[in-house]
Amino acid sequence: MFEHLQPLPQDPILSLLGEYRVDTHPHKLDLGIGVYKDEQGNTPIIGAVKEAESRLLTSEQSKSYTAPAGTAEYNHLASALVFGTEHPALKDQRIISAQTPGGCGALRMGAEFLRGCSQKSRVWVSLPTWANHAPLLTGAGLEIAEYPYYDYATKGIQFEAMLQTLEQAHAGDFVLLHGCCHNPSGADLNPAQWQAVADLMARKGLIPFVDMAYQGLGNGLEQDAFGVRLLAEHFPEMLVATSCSKNFGLYRERTGTLFIIAANPAQAETAGSQLFSKIRSHYSMPPAHGAAIVETILADTGLTLSWKCELASMRERIQGLRQQLVSAITASDIEGDFTFIQHQFGMFSFLGISPQQVEQLRQDYSIYMINSSRMNIAGLNQSSMDYFVSALAKVLSA
Ligand code: LMR
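Please read all numbers here as calculations on a predicted model, not as lab measurements.

What holds strands together in a sheet is hydrogen bonding between their backbones, with the strands either parallel or antiparallel. A sheet is described by the order of its strands in space; here seven strands give the open sequence β2-β10-β9-β8-β7-β3-β4, paired in mixed fashion. Only two strands of the sheet have a single neighbouring strand rather than two, namely β2 (95–100) and β4 (143–148). Each neighbouring strand pair of the sheet contributes to a mean axis angle of 20°, computed without reference to strand direction. Summarising the sheet, strand β3 (residues 122–127) and strand β7 (residues 174–178) pair through two bridges and their orientation is parallel. Within the sheet, the bridge partner assigned to Trp-124 lies in β7 and is Val-175. Of the strands in this sheet, β7, β8 (207–212), β9 (238–243) and β10 (256–261) touch helix α10 (residues 226–234), which is tilted by about 155° from β8.

This is the structure we're talking about:
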């Protein structure tokens, strides 16, 4: 039977990483996958994570099963991080949550849950959006529609077009919004825009599904949660998927959370029963180690402070790299205005070059970025900046 199978193309982000890993060029540069790197080009384990792991090594008493929702303490601490301890939806017990295998697990289980709510679920995603959104959502049987988001000409958000398109959505449709650090564009909604989107969606009866994979890497932990918290105050029903891959650096530990907000505690409990049943039939329960690390950090004031400091320095380093990149390009022979890079947030920006130029950077200089010209700014450092800008100048003048 297997002889009839056709090979499928690999995910564009993961296949690029595979190519980078086998490249032997001494100056090869990975600006592809969204992974934070330090000045030495390493993705270090955060200090608080190391300390939490060492505490867990001695304190952990059992490897017995947890539950489809993961542990109650993780879910409690993760909710406070995302919504803040005083959020009315939390106080009103309208939020149920499940620890998930990464942000992907949260998105997929959210999609499975939505599919279970209605046979004709449609979800609107930004154009463009992260390459894995469509597979995760359609894999659960959701229909995808797109709303305009990034304007490649102005390097900003096509806000009017976004609103006009969402006016066409039907009551009961879901709208996937990036909570912060839009992937792939780095162009984020400002507070007034969040409010306008919330007003439109509430008027039309649309339901928010927020993907927040980069909390703390844009403007700050609290600032980045602005949109999620605003929507959660005004919508009776909503989903939020979060990830600890980037802000805790737990990529391979697969740690994330899915939150479902319902109109009242009874409906939240029923929604939870549906979700946990879906989880049981997919992977039974989430892996424990990453969540135990997060739980250990967030339950300890000293470790939380240490983690927040390290996260702030990661964020500031990315913001600094954005400015340095703009300065280096401005000081070079490269024509054009690249200042938009310093007004965007998180790891990614579109450089705005053609797929052929991206290919040339890869072939001639071993500089790897996604074909769309999405680059991971956090992959740059002081020593690679000149190499990158001079390669870019050569490619653009060819
Ligand atoms: C990315 O967009 O590069 C990251 O979210 C990593 C991934 O899994 O694609």
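In this section: the UniProt feature "domain: Aminotransferase class I/classII large" (unreviewed entry) in the protein. Sites flagged by UniProt as "domain: Aminotransferase class I/classII large" (unreviewed entry) map to residues 27–392. Counted over residues 27–392, helix gives 46% and strand 15%. Its end C-alpha atoms are 14 Å apart.

With six of six residues buried, β2 lies mostly within the body of the structure. Residues Ile-95, Ser-97 and Gln-99 point to one face of β2 and Ile-96, Ala-98 and Thr-100 to the other, with burial holding for every one of them. Bridge count between β2 and β10: six bridges; the pairing is antiparallel. Each bridged residue has a counterpart across the sheet, and for Ser-97 the counterpart in β10 is Phe-259.

Let us now look at helix α3 (residues 72–83). Helix length check: α3 (twelve residues) gives 16 Å between terminal C-alpha atoms against 16 Å at 1.5 Å per residue, within 8%. Taken together, the buried positions of α3 are occupied by Tyr-74, Asn-75, Leu-77, Ala-78, Ser-79, Leu-81, Val-82 and Phe-83. Each element contacted by the buried residues of α3 is listed here: α4 (88–91), β2, α10, β9, β10 and α12 (289–298). Following α3 by one or two positions, Gly-84 adopts a phi angle in the positive range, close to 85°.

The subject of this paragraph is the packing of α12 against helix α13 (residues 301–331). Look at α12 against α13: their axes get within 6 Å of each other, and the N-to-C directions meet at 105°. Judged by the angle between their axes, α12 and α13 are roughly perpendicular. Contacts between α12 and α13 involve Thr-296, Ile-297 and Leu-298 from the first element and Leu-303, Thr-304 and Trp-307 from the second. Classifying every residue of the contact of α12 with α13 by side-chain character gives four nonpolar, two polar and no charged.

Thresholds applied
Residues numbered from 1 in each chain as written. Predicted model: local features only at pLDDT ≥ 70, side-chain atom pairs only at ≥ 80, totals over all residues. Pairing = 2+ DSSP bridges. Helix = DSSP H or I, 4+ residues; strand = E, 2+ residues; numbered from the N terminus. Axes fitted to C-alpha atoms, helices over the stretch in contact; angles between N-to-C directions. Contact = placed C-beta atoms within 7 Å. UniProt positions renumbered as here; feature names shortened; annotations may be inferred. Buried ≥ 20, exposed ≤ 12 C-beta atoms within 10 Å, placed from the backbone. Expected span 1.5 Å × (residues − 1). Parallel < 35°, antiparallel > 145°, perpendicular 65-115°, else oblique. Nonpolar A, V, L, I, M, F, W, Y, C, P; charged D, E, K, R; others polar.

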